[in-house]
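# Descriptive structure summary
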Amino acid sequence: MAELHVELVAADRQVWSGKASLVVARTSSGDIGVMPGHQPLLGVLQSGPVTIRTTGESGDGTVVAAVHGGFISFADNKLSLLAEVAELSDEIDVQRAERALERAKSEADAAAERRADVRLRAVTGVH
């Protein structure tokens, strides 16, 4: 099976690295799915969940991350997601994210509301 190498990097750390059969991310042009052999691309990431269908030694699985801004680049079966902020779904404190969402709604802070919503969607799998 063909694979692509994926690097998900935030401004402060490497978030995830490994092999995948499919990555779905939200860009300024809409949602995009990248599979092995995809045409080269460079795009702007929007806030949203990134879903990585993993392959390799640990078996097939799914990694989901909440990503806020950045860039996506693909060439030669290497996909780079360079995010301003990124959190894996298992790193997100659901109760804290729910409180942040309620606070953002009460303060009418659309950007904070979007960030909190993305974090919750990454955890719950609702895209």
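All residue numbers refer to positions counted from 1 along the written sequence of the respective chain. Reporting in this predicted model follows two pLDDT cut-offs: at least 70 for local features of residues, and 80 or more for side-chain atom pairs to be given and counted; totals over whole chains, interfaces and linings ignore these cut-offs and use all residues. With hydrogens and water set aside, each side-chain value is computed from the structure's full complement of heavy atoms.

The chain appears in an unreviewed UniProt entry as ATP synthase epsilon chain from Streptomyces siderophoricus. The annotation that UniProt attaches to the chain under Function (unreviewed entry) is "Produces ATP from ADP in the presence of a proton gradient across the membrane." Turning to the chain, the UniProt record has this under Subunit (unreviewed entry): "F-type ATPases have 2 components, CF(1) - the catalytic core - and CF(0) - the membrane proton channel. CF(1) has five subunits: alpha(3), beta(3), gamma(1), delta(1), epsilon(1). CF(0) has three main subunits: a, b and c." UniProt positions are given in the numbering used here, feature names are shortened, and annotations may be inferred rather than shown by experiment.

## Comments concerning the overall build of the chain
When helices and strands are counted, the chain shows 2 helices and 7 strands. Only DSSP runs of H or I reaching four residues or more are called helices, and only runs of E reaching two or more are called strands; each is numbered from the N terminus. Listing each helix as α and each strand as β along the chain from the N terminus yields β-β-β-β-β-β-β-α-α. Taken over C-alpha atoms, the radius of gyration comes to 15 Å for the chain, in line with the 14 Å a tight globule of 127 residues would show. A principal-axis box enclosing the C-alpha atoms of the chain has dimensions of 50 × 30 × 25 Å. Each radius of gyration reported is based on C-alpha atoms, and the globular scaling rule is 2.2 Å times the count of residues to the power 0.38.

## A few points about the domain arrangement of the chain
Each domain's extent is set by a domain assignment, obtained either automatically or from a database. What the domain assignment lists for the chain is domain 1 (4-88) and domain 2 (93-124). Listed as interface residues are 10 residues of domain 1 and, on the opposing side, 6 residues of domain 2. For the pair domain 1 and domain 2, the summed buried surface comes to about 630 Å²; carbon and sulfur atoms form 62% of the total. Salt bridges are identified by distance alone: a Lys or Arg side-chain nitrogen within 4 Å of an Asp or Glu carboxyl oxygen. At the junction of domain 1 and domain 2, the tally comes to 1 salt bridge. Here a residue-residue contact requires only that any non-hydrogen atoms of the pair lie within 4.5 Å. By definition, the buried area sums, over both parts, the 1.4 Å-probe accessible area that each loses when the two are put together.

## Some thoughts on the layout of surface pockets
By volume, the largest pocket is sized at about 190 Å³. A cavity, in this analysis, means grid points on a 1 Å lattice covering only the protein atoms where a 1.4 Å probe fits yet has no way out; a pocket is instead an open set bounded by protein on both sides within 12 Å along at least five of seven lines, and a residue lines either one if it has an atom within 4 Å of a point. Lining of the largest pocket is provided by His68, Val85, Glu87, Ala100, Arg103, Ala104, Glu107, Asp109, Ala112, Arg115, Ala116 and Arg119. Sorting the residues of the lining of the largest pocket by element identifies strand E7 (78-88), helix H1 (94-106) and helix H2 (110-124) as the ones contributing at least two each. Asp, Glu, Lys and Arg are counted as charged, while Ala, Val, Leu, Ile, Met, Phe, Trp, Tyr, Cys and Pro are counted as nonpolar; the rest, among them Gly, fall into the polar class. Across the lining of the largest pocket, the residue classes break down as 5 nonpolar, 1 polar and 6 charged. Both domains that meet at the lining of the largest pocket, namely domain 1 (4-88) and domain 2 (93-124), each give it at least three residues. Grid points are joined across faces, edges and corners, and a volume is the space filled by probe spheres set on the points.

## Here's the deal with the UniProt feature "coiled-coil region" (unreviewed entry) in the chain
This chain's UniProt record puts "coiled-coil region" (unreviewed entry) on residues 78-121. A distance of 26 Å separates the end C-alpha atoms of residues 78-121, which is 57% helix and 25% strand.

## Considering a nonpolar patch on the surface
Only residues whose relative accessible area exceeds 30% and that form no salt bridge enter a patch; like-charged residues are grouped when within 9 Å of one another, and nonpolar side chains (Val, Leu, Ile, Met, Phe, Trp, Tyr) when within 5 Å. Areas reported as accessible are Shrake-Rupley estimates using a 1.4 Å probe. Residue values count occlusion only from the protein chains shown. On the surface, Leu42, Val44, Phe71 and Leu82 cluster together to form a nonpolar patch covering roughly 410 Å² of accessible area. Within the fold, Val44 resides in strand E4 (residues 41-45).

## Focus on the environment of Arg119
Structurally, Arg119 can be placed in helix H2. Linking Arg119 and Ala97, residues 22 residues apart in sequence, is a C-alpha distance of 6.7 Å. Leave out the neighbours within four places in its chain, and Arg119 touches Ala66, His68, Glu87, Ile92, Asp93, Arg96 and Ala97. At 2.7 Å, the side chain of Arg119 and the side chain of Glu87 are in polar contact. Residues adjacent in sequence count toward polar contacts only when both atoms are side-chain atoms; beyond that, a polar contact is any pair of N or O atoms within 3.5 Å, and within protein one must be able to donate a hydrogen and the other to accept it.

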